[in-house]
Amino acid sequence: MTRAEGSGPTHRATQVQCGTGLTLLWSPPDHMYLYQHVLATLHCRDLLRATLFPESVPLLTLEIPETASEPEGLLPEPSPPKRLLNLTLEVSTAKLTAFVAEDKFITLAAESVSLSRHGGSLQAYCPELAAGFDGNSIFNFKEVEVQLLPELEEMILHRNPFPVLQTLRNRVWLLSLGSVSVEFPYQYDFSRTLDEAVGVQKWLKGLHGGTHAPASPSPAPLPPDLLLKVHHFSWVFLDDVFEVKLRDNYELMKDESKESAKRLQLLDAKVAALRKQHGELLPARKIEELYASLEHKNIEIYIQRSRRLYGNTPMRRALLTWSLSGLELVALADASFHGPERVIEQVQELDPGSPFPAEGIDLVIQWCRMLKCSVKTFLVRIRDYPRYLFEIRDWRLMGRLVGTEQSGQPCSRRRQILHLGLPWGNVAVERNMPPLKFYHDFHSEIFQYTVVWGPCWDPAWTLISQSVDLLTKPSADPSPPLPWWDKSRLLFHGDWHMDIEQANLHQLATEDPYNTTENMHWEWSHLSFHWKPGQFVFKGDLDVNVRTASKYDDCCFLHLPDLCMTLDLQWLCHGNPHDHHSVTLRAPEFLPEVPLGQLHDSYRAFRSENLNLSIKMDLTRHSGTISQPRILLYSSTLRWMQNFWATWTSVTRPICRGKLFNNLKPSKKKLGQHYKQLSYTALFPQLQVHYWASFAQQRGIQIECSQGHVFTRGTQRLIPQAGTVMRRLISDWSVTQMVSDLSQVTVHLMASPTEENADHCLDPLVTKTHLLSLSSLTYQRHSNRTAEEELSTRVGDPAFHTHQLHLVDLRASWTTTNRDIAFGLYDGYKKAAVLKRNLSTEALKGLKIEPQMPAKKPKQSVLTSAPAPPPVNTPSFSGQPEKGSSGGAYMLQKLIEETDRFVVFTEEESGVSDQLCGIAACQTDDIYNRNCLIELVNCQMVLRGAETEGCVIVSAAKAQLLQCQHHPAWYGDTLKQKTSWTCLLDGMQYFATTESSPTEQDGRQLWLEVKNIEEHRQRSLDSVQELMESGQAVGGMVTTTTDWNQPAEAQQAQQVQRIISRCSCRMYYISYSHDIDPELATQIKPPEVHENQEKEDLLKKQEGAVDTFTLIHHELEISTNPAQYAMILDIVNNLLLHVEPKRKEHSEKKQRVRFQLEISSNPEEQRSSILHLQEAVRQHVAQIRQLEKQIYSIMKSLQDDSKNENLLDLNQKLQLQLNQEKASLQLESEELNILIRCFKDFQLQQANKMELRKQQEDVSVVRRTEFYFAQARWRLTEEDGQLGIAELELQRFLYSKVNKSDDTAEHLLELGWFTMNNLLPNAIYKVVLRPQSSCQSGRQLALRLFSKVRPPVGGISVKEHFEVNVVPLTIQLTHQFFHRIMGFFFPGRSVEDDEVGDEEDKSKLVTTGIPVVKPRQLIATDDAAPLGTGKGVAQGLNRSSGVRRSFRKVPEHPVDDIDKMKERAAMNNSFIYIKIPQVPLCVSYKGEKNSVDWGDLNLVLPCLEYHNNTWTWLDFAMAVKRDSRKALVAQVIKEKLRLKPATGSEVRGKLETKSDLNMQQQEEEEKARLLIGLSVGNKNPGKKSIFGRRK
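On a predicted model such as this, the values are computed, not experimentally measured, just so you know.

Cut-offs used in this document
- Every chain's residues receive numbers from 1 upward, in the order its sequence appears when written.
- Whole-chain, interface and lining totals are the exception, using all residues; otherwise, since this is a predicted model, local features are given only for residues with pLDDT of at least 70 and side-chain atom pairs are given and counted only at 80 or more.
- The side-chain figures draw on all heavy atoms in the structure; neither hydrogens nor water molecules are used.
- For helices the rule is a DSSP run of H or I covering at least 4 residues; for strands it is a run of E covering at least 2, with both sets numbered from the N terminus onward.
- Accessible area is worked out with a 1.4 Å probe on protein chains only. A residue is then buried under 20% of its type maximum, exposed over 50%, and partly exposed in between.
- Contacts are assigned to residue pairs that have any heavy atoms within 4.5 Å of one another.
- All accessible-area figures derive from a Shrake-Rupley calculation using a 1.4 Å probe, and residue coverage is judged against the displayed protein chains alone.
- Confidence scores here are pLDDT values: one per residue, from the predictor, ranging 0 to 100.
- Any carboxyl oxygen of Asp or Glu within 4 Å of a side-chain nitrogen of Lys or Arg constitutes a salt bridge here.
- To form a nonpolar core, buried Ala, Val, Leu, Ile, Met, Phe, Trp, Tyr and Cys residues must be joined to one another through side-chain atoms within 4.5 Å.
- Here a pair means two rings of Phe, Tyr or Trp (six-membered ring of Trp) with centres within 6.5 Å. Their orientation is stacked below 30 degrees between planes, edge-to-face above 60, and tilted elsewhere.
- Consider the ring centre and the ring normal. A charge sits over the ring if Lys NZ or Arg CZ is within 6 Å of that centre and within 35 degrees of that normal.
- The axes are straight lines fitted to the C-alpha atoms, using for helices just the contacting stretch, and the angles between their N-to-C directions are given from 0 to 180°.
- For classification, angles of less than 35 degrees are called roughly parallel, those exceeding 145 degrees roughly antiparallel, those between 65 and 115 degrees roughly perpendicular, and all remaining angles oblique.
- Three classes are used, and their members are as follows: Ala, Val, Leu, Ile, Met, Phe, Trp, Tyr, Cys and Pro are nonpolar, Asp, Glu, Lys and Arg are charged, and the others, Gly among them, are polar.

This paragraph deals with the overall build of the chain. When you go through the chain residue by residue, the secondary structure sums to 33 helices and 48 strands. When the 1591 residues of the chain are sorted by exposure, 40% land in the buried category. When contacts within the chain are restricted to residue pairs at least 6 apart in sequence, long-range pairs at least 24 apart make up 75% of them. Approximately 88300 Å² of the chain is accessible, and the part contributed by carbon and sulfur atoms is 56%.

Per-residue pLDDT for the chain averages 79, and the proportion of residues at 70 or more is 75%. This stretch, residues 1093-1102, has a pLDDT under 50; its non-local contacts, to residues over four places away or in other chains, come to 23 contacts. Note on residues 1539-1555: pLDDT is under 50 here. Beyond four places in sequence and across chains, it has two contacts.

Right, let's talk about the pattern of salt bridges for a bit. Side chains carrying opposite charge are able to pair once their charged atoms draw close together. Summed over all chains, the structure comprises 40 salt bridges. With a shortest N-O distance of 3.9 Å, Arg1273 and Glu1289 are connected by a salt bridge. Placement of Arg1273 in strand E38 (residues 1261-1277) and of Glu1289 in strand E39 (residues 1284-1300) is noted, with a sequence separation of 16 residues between them. Its relative accessible area of 26% is what places Arg1273 among the partly exposed residues. Ionic pairing is found between Asp1523 and Arg1522, a salt bridge with its closest N-O pair at 3.6 Å. On the accessibility criterion, Asp1523 (16% relative accessible area) is buried. According to the relative accessible area criterion, Arg1522 is buried, its value standing at 8%. Linked through salt bridges whose partners overlap, the residues forming this network are Asp195, Arg414, Arg431 and Lys473.

Proteins that are soluble and globular tend to have nonpolar side chains buried together. Within the largest apolar cluster, 113 residues are counted, with the highest numbers of intra-cluster contacts made by Ile382, Trp395, Trp457, Trp524, Phe557, Leu563 and Met565. The leading source of residues in this core is strand E19 (residues 555-573), at seven residues. With near-sequence residues (within four places) excluded, Phe557 lies in contact with Met520, Val544, Val546, Arg630, Ile631, Leu632, Leu633 and Met641.

To continue, consider the packing of aromatic side chains. All told, the structure shown has 44 aromatic pairs when counted by the stated rule. Between Trp322 and Phe378, the ring centres sit 5.8 Å apart and the planes meet at 55°, which makes this aromatic pair tilted. Taken together, the positions of Trp322 in strand E10 (residues 318-332) and Phe378 in strand E11 (residues 363-382) put the pair 56 residues apart, joining distant regions of the chain. A centroid spacing of 5.4 Å and a plane angle of 25° characterise the contact between Tyr385 and Trp457, whose relative ring orientation is stacked. Here Tyr385, found in the loop between E11 and strand E12 (390-406), pairs with Trp457, found in the loop between strand E15 (436-453) and helix H9 (458-469); they are 72 residues apart in sequence, far enough to count as distant. With respect to burial, Tyr385 and Trp457 carry one shared label: buried. Linked through ring pairs, Phe133, Phe139, Phe141, Phe184, Phe190, Phe233, Trp235, Phe237, Trp322, Phe378 and Trp395 together constitute an aromatic cluster. A cation over a ring is seen here: Arg381 above Tyr388, with NZ or CZ 4.1 Å from the ring centre.

A word on the packing of helix H1 (residues 28-52) against helix H5 (residues 190-209). Look at H1 against H5: their axes get within 12 Å of each other, and the N-to-C directions meet at 10°. Accordingly, the angle class assigned to the pair H1 and H5 is roughly parallel. Facing Pro28, His31, Met32 and Tyr35 of H1, the residues of H5 in contact are Val200, Trp203, Leu204, Leu207 and His208. A breakdown of the residues in the contact of H1 with H5 according to their chemical character gives seven nonpolar, two polar and no charged.

Okay, structure coming up:
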């Protein structure tokens, strides 16, 4: 129904109502028919009017295109310009279908449409409006209200916050929608229909716009403002139905498996009850039928549940859901930025970094608006995952937004064909190819901003990106598409400020996308974010938390207050990375010619090849609040981070790609592979790092430092994988540079006396002990490639190293408390690593012994003419080595050694030191990389023992540790890489306290001042304090300080004594490896074959590539008093050589299992027991994780209801169960580790034995250890530290140990010269002990000990050869000196009381587990002695067993046979051959006042040889003592008790002189006891004197 009403000459009202539905079909051919007929009708009208009214024709022709431009609308007839049309339109249902192509159409459906226009205002309302594409309902609008108002008061209020706006009032489009729903079906190509529709719109615009008159020069009117209000908005990508059903079916199968297990348990219980009731009468067939019916019932239940799966709950449909609520958008137009010229000015202002074309740009689309937007909630969810991808709440945004589209050149216009059919044919529509670009300057305020992401969401995100690709049609330009980072640089330009109250980033740490408890949480408070072109700036307080379902939840492991983090992006392009105006797209028909084999790329100059990212974290900003940056770590946190890193670096699989899915597009490049260089800089005024082993152990480390700077730079290299299959490139990151500067670093060890409390909190009363501190730390690292370039340009300059570490004023302390805490930390780390290794699948894999026999056959064939293995290097008594049969080879080897001396020390004893293998191997002519240099300046360490008071301070003025990598070389037929470590210590000094330190009680440490540590300087004689000090001499006193920052004068200083004066130490370690750098291996030539191959192989075989450690001390000046000596022994035993009791117990268990394997008949049976134990340990680990999750959930519940008694009781029970599980896990893990280690060791030994049986002649040296001291003087002083007792001097001390490939070892100890001087006042003998011959040449030896050890057999150590050589000695001893020395080494011990009672008891300790002939003979001779008061052999044996028990703890539990055998084997040694040549002695003795002295008594220790004896070391000592005593007693009697021939008068006077002889005999016994150290008295009748011994 249509009704028209007139109300005056200027007003006309029209009302249209349509009660029934209105359906309209439109297509371009229909439009052309209508357009042609309307055009023909208007033409006829013009002809008619021209004929009738020729004056009025020009006034009406201008309205023709306006009428024809909107043929599809129901518009009234045009009215004169001055008349106003009031229109009212009401339609119940309307449906418009527009065919944009033959098979593409758009549908618009509306219900209850009402439209009214009154004057200059327009108002429309529609309760429901839907837009469909190709039959798919895409857009749905509800409660749609549209208004066009001349002005609106609300908009005037919105303009007030923008003072730059010039226009005060403007027309307004007001659009209000109740809800907007956008839904895209799965794999629907929306872009094709949309592109066709835009093409039709361009055709219509060209069709009707061509008849317009030329535009007037006056500016276009200001467009109206826009006010958009949307109550709820949702954007949904639908998921694949198959994927949804697959997931739902998987969940159903999981639940059904649990339910079927419950049914099976019920049936088992019923069957058991029936068997108990009926017994054997229950037939088995009936039971089988029951179980078969249950299986059939399970299948039926599963099918029924699957059919009813979507009966109650609808199927999940969404792949991605984006929802907004409370959206309000205001877009304001203004005259100040309206028009092309003003828009270009805004573009230049918003994007100043991009070069603007000098000729300007021609814009097709240009607009600028001032925006104001607010959103209550902004939510993005993937599928039905429990966490939102984006969650933004209370978002307010203000700023400018400019949109421009550049007019394309003729080559940048593509042609779209529109099929109109006959008679019009096809029409070509030109489409502009340059994209629409946005320029912005936004400032937003957000209350909460949360982002959640993890690799487990990547498969779903791949499907989402494929759906997004279907929204926009790819460009017609054939260039490769831009990645998203380059596309964002091309389309978006400007700044964006964000002030966020609370920002969160959750990085998911599991492979389960539905997990909500395991993630890393980056939490920003009061974040100010600024996004500029190529830069991101974050300012605020950052906390990084580890969220995990355990008691370690909410562990804030990183707290950075007042952080300013800047991310600088440097895009590496062929052109200017900011010049986006010069990007010119080309249509396919306008492509330029390109070289052969190269593809056209319109983005070539703009496309980024790589990205350099620079991250700077600055914590030095000054703010009102004082908060220290800190890092908190637990061992469990570190293990969690390892799993987190493994999850995030895992390789993602291709999703829905390939021919099957009709997706053959090339894979998109990841941003992680686009980085070329990454640099990181950290600046902090102070930093605190805490590391705790766990909540339960309450042990940890605290590191504190003041101002620091850290810089590192790394580069990425993408390496293609070999093979024909297309694979991802391998990402290889390498650190090229690192610089760190830290000042005032302090490290404390922390321990709590209590265990974990019920609140899961750390004990606040934690004791801290000092470990180390230093004034400054500087670290530098450079790339190896740079090092090679530097070495090539600066040959011989050793100043460049890959790693350089410089430490100044290092102060370390090592006490028993530190030792216990450090051992506890290491034990926890070791147990975790062992558990991880033993539970892995690699734990029980068989050993792979690579057979090298084919490679060594040529060598063996050459060596057949040469003698067998080289002889053992056993020098003779004079120090000259035995040359054996290979004398020529030996001389040639010595000649090579003398000509290849790379290190020469300028002292007279340098002949021995430069023959050390460690020095010779540390040559510098083949170094290709000086890898590591560690320098310490003025370092010191304080050592405190457990049983003595006081401390020892070790200092060094300068220390260097250098690691070099040498060029690979051929050693025999093997190519090996050599690495050498060189340690140089200069200005070493040792200090010790002379009395107990008064500062020990208050916990403060004693430190040396720098002037006493640094290198020797000229003393200022004007200083009174320096004149009073003792200088640099040994024994001098030095003042200490307790506060490093204050001088010693400002404190109550204590003095310490210098016990070792300034000395130097050199250490060398050389290792060889088969791991060779592939780049270097290609440059190595194959080994040359020499003519004299036999001698060459012999030399290679003797030396070869052997891991060697060498330590050299040139001069040592030592001075100690008894207290200092006891303190040093205490420190060595309890600190340096301490073995934790648990480790000792572990070693005993391991020894027991190894011994059990050796005596086992079938050791392979252990494999099954190891597998069962592995499974048990895995169950313990799983149970512990389950208990931790239960405790976590209970603790979360207690946060809401803290007084719930049931939860508290359950929590207590779970804690007890957790502790029991942990204890069981530790025990079984240790047992598993022992079993696996022993089993592998046994396999390796068996394999080695088999290999050695095959290749007996290929025994080589595998490791060598050398210790050398040129000269050492030790001064033994009284308790005051000044008065001397004795001085011991050693020269040319050398100890070497050689380990060979057949598990044999050779020990060699050589001493060139030694002497002991008596420093007591008024001493008769000044030299107590010295060799009889004077020290002549550096080749002469005073003492030599050689031992060759074979592998143990049955747990018994085998000594194949043991030889001791000593030069003739002169001994000059006094009774006073002996007592002083014994008092020095054994203070508080009575010599006379101990020596008499111990020796005979010890002589009875010869009995071992294996019968020995000589000890039993010794007991037999004792048996024949007179028993006196009745003490016999039995009592002697009982007494000896009592002494033996006193040395060994009585076992608390019964000892089985294996323990007995293991203990007995550990005590014994199998000596195959022992040789001790005779030693001439010249003895002088000065006794007490009433005793007789001895002068120049010549004695000879006999030559001793033993063969094939199984002894303990005590048995060996007793045998040497016994045989030496026989010879020495006879010589003493012969020398001093030689009787002259008796005459008659002498016989008569014999009785009178009997008493004198007895007195003389007692004196001689006393001398013999002091000389030989034997019990020769006859005080006890039950004991027998050696002088009464029968032959």
